[in-house]
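Examining the three-dimensional arrangement
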Amino acid sequence: QFQDPPRPGSGPKVEADAGSDPIKRQRQDDEGGLGIYESPNANKSKSGNGEGTGKGKGHGNSKGKGKGKGKGGWSRRAEKEDMKRRLMEINREIARCGQQKMLAEAVHIFDGLAAKGITPTLHTYTALLNAYVRKGDHDGAKKLFQQLRDEGFQPNTVTYTTLLKSACSLPDLSEACELLTAMREEGVEINLRTLNTFLRGCLRVGNLAEALKAHKSFAEGSGDETVDTSAHEALMRLMTSALRIEEAEVMQDGLKGQEAASNAAPWLMLAESLALLNKPNRARKALKRAKTLLSKPQHRQTSDEYVE
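Keep in mind the model is a prediction, meaning the values are calculated, not measured.

1. Examining the overall build of the protein chain
Secondary structure assignment for the protein chain yields 13 helices and zero strands. In sequence order, the secondary structure elements of the protein chain are arranged as α-α-α-α-α-α-α-α-α-α-α-α-α. Burial analysis of the protein chain (308 residues in total) assigns 32% to the buried set. Intrachain contacts of the protein chain at a sequence separation of at least 6 include 59% that bridge at least 24 residues.

2. Topic: the side chain of Gln 252
Within the fold, Gln 252 resides in helix 11 (residues 245-253). Every residue in contact with Gln 252, bar those within four places of it in the chain, is listed here: His 232, Met 236, Asn 263, Pro 266, Trp 267 and Leu 270.

3. What to know about the nonpolar core
In terms of nonpolar packing, the biggest core is built from 64 residues, with Leu 128 and Phe 198 touching the most fellow members. Setting aside residues up to four positions removed in sequence, Phe 198 forms contacts with Leu 164, Cys 168, Ala 176, Cys 177, Leu 180, Glu 210, Ala 211 and Ala 214.

4. Things to note about the layout of surface pockets
Empty space within the largest pocket amounts to approximately 580 Å³. Surrounding the largest pocket, 22 residues form its lining, Thr 126, Asn 130, Val 158, Thr 162 and Arg 193 being those nearest its centre. Secondary structure elements with two or more residues in the lining of the largest pocket: helix 2 (42-99), helix 4 (122-135), helix 6 (157-167) and helix 8 (192-205). Per-element tally for the lining of the largest pocket: the top contributor is helix 4, with six residues. In the lining of the largest pocket, the residues fall into five nonpolar, 12 polar and five charged.

5. Focus on the confidence of the model for the protein chain
When the pLDDT values of the protein chain are averaged, the result is 80; 72% of them are 70 or greater. Taken together, the stretch residues 12-18 has pLDDT below 50 and engages in three contacts with residues farther than four places along the chain or on a different chain. A low-confidence stretch, residues 301-308 stays under pLDDT 50, and its non-local contacts, those more than four residues away or across chains, total 17 contacts.

6. Details of the packing of aromatic side chains
Counting across every chain of the model gives three aromatic pairs. With a centroid separation of 5.5 Å and 55 degrees between ring planes, the pair formed by Tyr 125 and Phe 153 is classed as tilted. Of the two residues, Tyr 125 sits in helix 4 while Phe 153 sits in the loop between helix 5 (138-150) and helix 6, which places them 28 residues apart along the sequence. On the basis of relative accessible area, Tyr 125 is assigned to the buried category, the value being 3%. Counting every residue linked through ring pairs, the aromatic cluster contains Phe 110, Tyr 125 and Phe 153.

7. Overview of a nonpolar patch on the surface
There is a patch of nonpolar side chains on the surface, built from Leu 243, Leu 276 and Leu 277 and spanning about 280 Å² of accessible area. Residue position: Leu 276 is located in helix 12 (residues 265-276). Judged by relative accessible area, which is 66%, Leu 276 ranks as exposed.

8. Thoughts on the pattern of salt bridges
In total, this model carries nine salt bridges according to the counting rule given. Linking Glu 175 and Lys 142 is a salt bridge whose minimum nitrogen-to-oxygen distance equals 3.5 Å. A residue pair is termed long-range when its members are at least 10 positions apart, and Glu 175 in helix 7 (residues 174-186) and Lys 142 in helix 5 qualify at 33 residues. With a relative accessible area of 23%, Glu 175 lands in the partly exposed category. Taking relative accessible area as the criterion, Lys 142 reaches 34% and is therefore assigned partly exposed. Three or more residues are tied together by salt bridges with common partners; here these are Asp 82, Arg 85 and Glu 89.

Criteria and thresholds
- Residues numbered from 1 in each chain as written.
- Predicted model: local features only at pLDDT ≥ 70, side-chain atom pairs only at ≥ 80, totals over all residues.
- Heavy atoms only, no water.
- Helix = DSSP H or I, 4+ residues; strand = E, 2+ residues; numbered from the N terminus.
- Buried < 20%, exposed > 50% of the residue type's maximum accessible area, 1.4 Å probe, protein only.
- Contact = heavy atoms within 4.5 Å.
- Core = buried A, V, L, I, M, F, W, Y, C linked by side-chain atoms within 4.5 Å.
- 1 Å grid on protein atoms, 1.4 Å probe; cavity = no way out; pocket = protein on both sides within 12 Å on 5 of 7 lines; lining within 4 Å.
- Points joined across faces, edges and corners; volume = space filled by probe spheres on them.
- Nonpolar A, V, L, I, M, F, W, Y, C, P; charged D, E, K, R; others polar.
- pLDDT = per-residue confidence, 0-100.
- Phe/Tyr/Trp six-rings, centres within 6.5 Å; stacked < 30°, edge-to-face > 60°.
- Patch = residues over 30% accessible without salt bridge, like charges linked within 9 Å, V, L, I, M, F, W, Y side chains within 5 Å.
- Areas by Shrake-Rupley, 256 points an atom, 1.4 Å probe, with all protein chains shown as cover.
- Salt bridge = Lys/Arg side-chain N within 4 Å of Asp/Glu carboxyl O.

Listed below in structure tokens is the structure:
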């Protein structure tokens, strides 16, 4: 009644549809010598691989190129910023040497720029120019000034004023006057620092005419005759020393509302000159004005000559 279960392969053979069985198709193809197995999804698989390869390749190339350009651009920007930072540090170092009158050290730093692949700017030249001026080497300052011109730089107000300071230390003001003329012709601004630098030179040699001419150029350039306390004091000293009292009084009375109006030194200069001209009443009035200003707490004396 009980039968043993049929052993594998001992039952009746059933022919399966080879088309629906990929394994059967593979076996039949092997027997036919083809040796190629195609799954029912073969076409889809090939199409999928093609798409995948195409996308992968296209994406890879595009991304690679883009990234390469990005890195290259970033590298150039970083290099440029680093060069700018190094140049700023060098400019500060040259300026520090100039302030301490260490001309040889400043020149050594400047001469080493080429070996570092750094091109000096106008700021670099001006910092070195100041080192020459502070050391009192006027000839060296003039040579450097010409060198920066030969390099194609246009001197600005700071560059001109730096050399002007050196020229004003010479026995006469001829070179200083030539520099001011060049500034006017080249359209370089003559600012208050330039004016004060030149006026100190005029005061040293007693040249009132050039001082008034420079003041006029400043007023025309700025559109305002207003000057600071230092410039006004220099002009008043020159006028009172030349005993041009009326002009000095007009200038002093025209200071209403300006910073220089609170300076007592010009009134003391007027009082001194009026006394020399034997005009005691006017001298006393000028002296009284000076005392009034000196009694005010906000007064700030600028002339060391009159501070006891």
